[in-house]
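# Structural characterization, general
Spelled out, the chains give:
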Amino acid sequence: MATNHAQTKLAVGTEDGHIRIFDITNNALVYKSCFNKVNSRILSVAWSQDDKTIVTGSADSCVRIWDAATHTMATRMTLPKEGRDSTLVWSVIVLKNGTIVSGDSRGRVSFWSPTMHVIEQEFRALGADVLCLTADETGHTVFASGVDPKITQFKLLAGGSVAAESAINGAGGKKKLIIRPKKWQLAGFRRYHTHDVRAIAVSSHLDNDLIISGGTDTQVAYCQARPFPNENPHRQPCFPPLNSVISVAPEANLILQRQGNTLKLWALGKAEPASRLLADQMESGQALQVYQRQKDLLRMELKTKTNLLCSTISPSGSLIAASDAEGPKLYSVTYVDDSRSTVRVRRISDFPPSDFVPDFSENLGAVQMRFTADETRLVIATVEGFVSVVDITGW
């Protein structure tokens, strides 16, 4: 599916070979019309820059151009097969100058002439199916990825440099436009994911364009587009761990680790600060030079009937909360000196309050707990789905 550039219509390609148009104005989704059927699944849809035509890719080796007003097919372009199987056109986009770009099951990216509707250039971009394509705002850079999870970049070059309009002074001081032949070239590639990449986009709303990609490894990766492929990506997991065994006290540089019914408290070490240039060249997860190692401050084995379900530490490191199946427990932590060579822990009695869950709740165990930033409240999520906010200033 794809929205037009005016953000008023949504085109949806279907398994039965139809294109269906929906009106999406006024925050609504209203069915409007249906195009003529083709005898193949429609796998990809894109609008032209002026929203007058729609381009589709199908499972029958064809790229089709449709008139958005009359709902009729204007042109059909066919890709070659590999063996007996039809080529699946998984992705299509339309560039600013009208050039159509398609990615298919052969691992190839094809650039189609906007006037002659023939392939001008074709590249073996990936070792497997090309599932997604995107381009920057100028239409001079295209990115492709798919089952082979590397991201491949193509640039439109004119006379050996990035395509751009240029002029020189001619006779009488008049500007004379220089016409240089423009060709697409494979400019580089980089592997940011471990499995299939299903979506890729270029964000042009910031000072620096960003490439953003996501796939079946549940990671969203992004980096600046201009230095690609020399830029290391930032990764953001879509599904962070529901209940991590690690919690951090950022103000005190402490880490609390949960293992079985034991809590371990660590003081973080210190590393040599890396220069900005060195940091940009380092791979994600690469170790820094450490000059002060971490310190094991506390190992506390709790007397519980079951393993701990969750644990957390306050931002300053002065409070620790943990819960087993019977209910949450709160501890006060005191550091005797600045070196933290001695740590004293005291369990806070009468915690939790009896009314932190409804009377009819039989299971008091907590699966998630978090301190607020000012450490005046503890948010508790129980096994039965109740969320309680407990004021802990009185303890």
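Cut-off values and rules
- Residues numbered from 1 in each chain as written.
- Predicted model: local features only at pLDDT ≥ 70, side-chain atom pairs only at ≥ 80, totals over all residues.
- Heavy atoms only, no water.
- Buried < 20%, exposed > 50% of the residue type's maximum accessible area, 1.4 Å probe, protein only.
- Helix = DSSP H or I, 4+ residues; strand = E, 2+ residues; numbered from the N terminus.
- Pairing = 2+ DSSP bridges.
- Axes fitted to C-alpha atoms, helices over the stretch in contact; angles between N-to-C directions.
- Core = buried A, V, L, I, M, F, W, Y, C linked by side-chain atoms within 4.5 Å.
- Contact = heavy atoms within 4.5 Å.

Judged by how many residues are buried, strand E13 (residues 130-135) sits mostly within the fold: five of six residues are covered. Across five bridges, E13 lies against strand E14 (residues 141-146) in antiparallel orientation. The residue of E14 that forms the bridge with cysteine 132 is serine 145. In sequence, E13 turns back onto E14 through a hairpin of five residues, with glycine 139 there showing a positive phi of about 80 degrees.

Judged by pairing direction, the sheet is antiparallel, and its four strands sit side by side in the order E9-E10-E11-E12 without closing on themselves. Whereas interior strands pair on both sides, the edge strands pair on one side only; in this sheet they are strand E9 (89-94) and strand E12 (119-124). Neighbour to neighbour, the strand axes of the sheet diverge by 15 degrees on average, direction disregarded. Here E9 pairs with strand E10 (residues 100-104) via five bridges, running antiparallel.

On to the nonpolar core. In terms of nonpolar packing, the biggest core is built from 18 residues, with Leu254, Leu263, Leu265, Leu297, Leu302, Ile313 and Ile320 touching the most fellow members. Put simply, the parts of the chain that give this core at least two residues each are strand E25 (254-259), strand E26 (262-267), strand E29 (295-301), strand E31 (319-324) and strand E32 (327-335). Excluding residues that lie within four positions of it along the chain, leucine 302 makes contacts with Asn261, Leu263, Leu308, Ala322 and Tyr331.

For the rest of this paragraph, the subject is the sheet that holds strand E30 (residues 310-313). Within the open sheet, the four strands sit side by side as E30-E31-E32-E33. Their pairing is antiparallel. Bordering the open sheet on either side are E30 and strand E33 (343-347), each of which pairs with just one other strand. Between one strand axis and the next, the sheet turns through 20 degrees on average, direction left out of account.

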